[in-house]
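Here is how the chains run, residue by residue.
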Amino acid sequence: MLKKISIAILILFIGIQFIPYEKNTSNDLTYDISKSYDVPDNIQTIFKNACNDCHSNSTVYPWYSKIEPVGYWLNDHIVDGKRHLNFSTFTKLPLAVQNHKLEETIEMVEKGEMPLEDYTNFGLHAEANLSDGQRQEIIDWAKAQMAMLAATYPADSLVMKKRN
């Protein structure tokens, strides 16, 4: 019985290797955050190293993403990350949502909730381990972008509308 279960698991494991998922590699920059916001090189570098794999349309997939079910798990993280914040489609959002996403970015970085520990565990993506200085750079940058929005647009256009 144990032998049959082992064979079935092996067949299942081999079988799922051939079921593809859509890769996040469009790299469409039409509505990228850099189209409407000043994103200096230091912030671009931090985003590239610590954020863009899950929060843009351009994921750099590690070698182990080719092994299922790890690839499915990573893809789920990417889809969920983009659902919360996608720098590649940022300027497509209403101004109030953009402002709110900047505010959420500050909050998540301040609390150390981003990048996720899953992303940096076991020495993976070591470049994504943000120093206190890098965290402060992101926070200062996001606050400056919110200040720019506040100085440029009417205050009521930057407030999220309550849902009914």
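Bear in mind that the values here come from a model prediction, so they are computed numbers and not experimental data.

Student: Explain helix 4 (residues 95-110) to me, and be specific about the residues and the numbers.
Tutor: Helical periodicity: at 3.6 residues per turn, an α-helix aligns residues three or four positions apart in one direction. With 16 residues, helix 4 should reach 22 Å at 1.5 Å per residue; the first-to-last C-alpha distance of 23 Å fits that figure. For helix 4, every residue scored as buried is listed here: A96, V97, Q98, N99, K101, L102, T105, I106 and V109. The inward-facing, buried residues of helix 4 abut helix 3 (70-84) and helix 6 (132-152). Just downstream of helix 4 lies G112, where phi reads positive at about 75°.

Student: Mind laying out the nonpolar core, listing which residues take part and the relevant values?
Tutor: Side chains of a nonpolar character, in soluble globular proteins, are inclined to be buried together. Within the largest apolar cluster, 24 residues are counted, with the highest numbers of intra-cluster contacts made by I33, Y37, V39, F47, L102 and W141. The biggest single contributor to this core is helix 6, with six residues. Ignoring sequence-local partners within four residues, the contact set of I33 consists of V39, F87, F90, T91 and W141.

Student: I'd like to hear about the side chain of S65, residue by residue, with values.
Tutor: Of note, S65 is situated in the loop between helix 2 (41-55) and helix 3. A polar contact of 2.7 Å, which involves the side chain of S65, links it to the backbone oxygen of P62. Not counting residues within four places of it along the chain, the set of residues in contact with S65 comprises Y21, K23, G71 and L74.

What counts and how
Residues numbered from 1 in each chain as written. Predicted model: local features only at pLDDT ≥ 70, side-chain atom pairs only at ≥ 80, totals over all residues. Heavy atoms only, no water. Helix = DSSP H or I, 4+ residues; strand = E, 2+ residues; numbered from the N terminus. Expected span 1.5 Å × (residues − 1). Buried < 20%, exposed > 50% of the residue type's maximum accessible area, 1.4 Å probe, protein only. Contact = heavy atoms within 4.5 Å. Core = buried A, V, L, I, M, F, W, Y, C linked by side-chain atoms within 4.5 Å. Polar contact = N/O pair within 3.5 Å; in protein donor to acceptor, adjacent residues only side chain to side chain.

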